Amino acid sequence: MSSQKRERLLPYTCEQLFDLAADVERYPEYLPWWMAARIRRRELNTYFTDQVIGLGPIRVSFGSRTVLQPPTRIDVTSKDFPFRQFKLSWNFVTVAETGCRVSLIAEFELRSFLLQGILDRALPGATAEVIAAFEARAHSLYQRTKIAHN
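On a predicted model such as this, the values are computed, not experimentally measured, just so you know.

## With respect to the overall build of the protein
Broken down by element type, the protein carries three helices and seven strands. Listed N to C, the secondary structure of the protein is β-α-α-β-β-β-β-β-β-α in terms of helices and strands. Looking at the protein as a whole, 44% of its 150 residues are labelled buried. Total accessible area on the protein stands at roughly 8000 Å², and carbon and sulfur atoms take up 53% of it.

Rendered as structure tokens:
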């Protein structure tokens, strides 16, 4: 299984960043790899999404289950083809007078050894691109509401 973790300390509230990460239907607007995302069903703090991610000419369509634990954690999972295992976790921790530490943990195992090899090489860069795009989106949306520094 391929696994990567990226973190950022951002000058916004965890609630703001949680809401940004929870809004999966907007991912294609700003996150690399995400081609489409549509919530098909909601149940309390869980929703089920149809997603399409792409890397170059490779496109993968799959369903996922997202569990929201506001404002600290979001877990996205899937076992749809081509994944043996897909897990994306967002974690949000308040850092006093500074903002919020955001971590993104991505774990993927594919059913195809060939595709797994491609993913193993691409995942570190892709995870870094996703967290950088998330940070840029947060800045564009929330820059006027930064945590006040004393």
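The rest of the description comes next.
## Side note on helix α1 (residues 14-22)
With seven of its nine residues buried, α1 lies for the most part within the structure. All of the buried residues along α1 are Cys14, Gln16, Leu17, Phe18, Leu20, Ala21 and Ala22.

## Regarding the side chain of threonine 66
As for its position among the elements, threonine 66 is in strand β4 (residues 58-69). With sequence-adjacent residues up to four places away left out, threonine 66 is seen in contact with Asn45, Thr46, Tyr47, Thr49, Ile74, Asp75 and Val76.

## A few points about the confidence of the model for the protein
Considering every residue of the protein, the mean pLDDT works out to 87; 87% of them sit at 70 or more. Within the protein, α1 carries the highest mean pLDDT (97), whereas helix α3 (residues 113-142) carries the lowest (78).

## Section: the pairing of strand β6 (residues 83-95)
Here strand β5 (residues 73-78) runs beside β6; their pairing, made up of six bridges, is antiparallel. Bridge pairing links serine 78 to phenylalanine 86 in β6. Taken together, β5 and the strand that follows it, β6, pair antiparallel across an intervening segment of four residues. Looking at chain direction, β6 and strand β7 (residues 99-110) are connected through twelve bridges and run antiparallel. Each bridged residue has a counterpart across the sheet, and for valine 93 the counterpart in β7 is arginine 101. Where β6 hands over to β7, the hairpin turn is made up of three residues, of which glutamate 97 adopts a positive phi near 60°.

## A few points about the nonpolar core
Judged by nonpolar contacts, the single largest core of 41 residues is most densely connected at Leu17, Trp34, Ile74, Trp90, Phe92, Val102 and Phe134. By residue number, the principal contributor to this core is α3, which donates seven residues. In contact with isoleucine 74, other than residues within four places in its own chain, are Phe18, Ala21, Ala22, Thr66, Val67, Leu68, Leu88, Ser89, Trp90 and Phe92.

How each quantity is defined
- Residues numbered from 1 in each chain as written.
- Predicted model: local features only at pLDDT ≥ 70, side-chain atom pairs only at ≥ 80, totals over all residues.
- Heavy atoms only, no water.
- Helix = DSSP H or I, 4+ residues; strand = E, 2+ residues; numbered from the N terminus.
- Buried < 20%, exposed > 50% of the residue type's maximum accessible area, 1.4 Å probe, protein only.
- Areas by Shrake-Rupley, 256 points an atom, 1.4 Å probe, with all protein chains shown as cover.
- Contact = heavy atoms within 4.5 Å.
- pLDDT = per-residue confidence, 0-100.
- Pairing = 2+ DSSP bridges.
- Core = buried A, V, L, I, M, F, W, Y, C linked by side-chain atoms within 4.5 Å.

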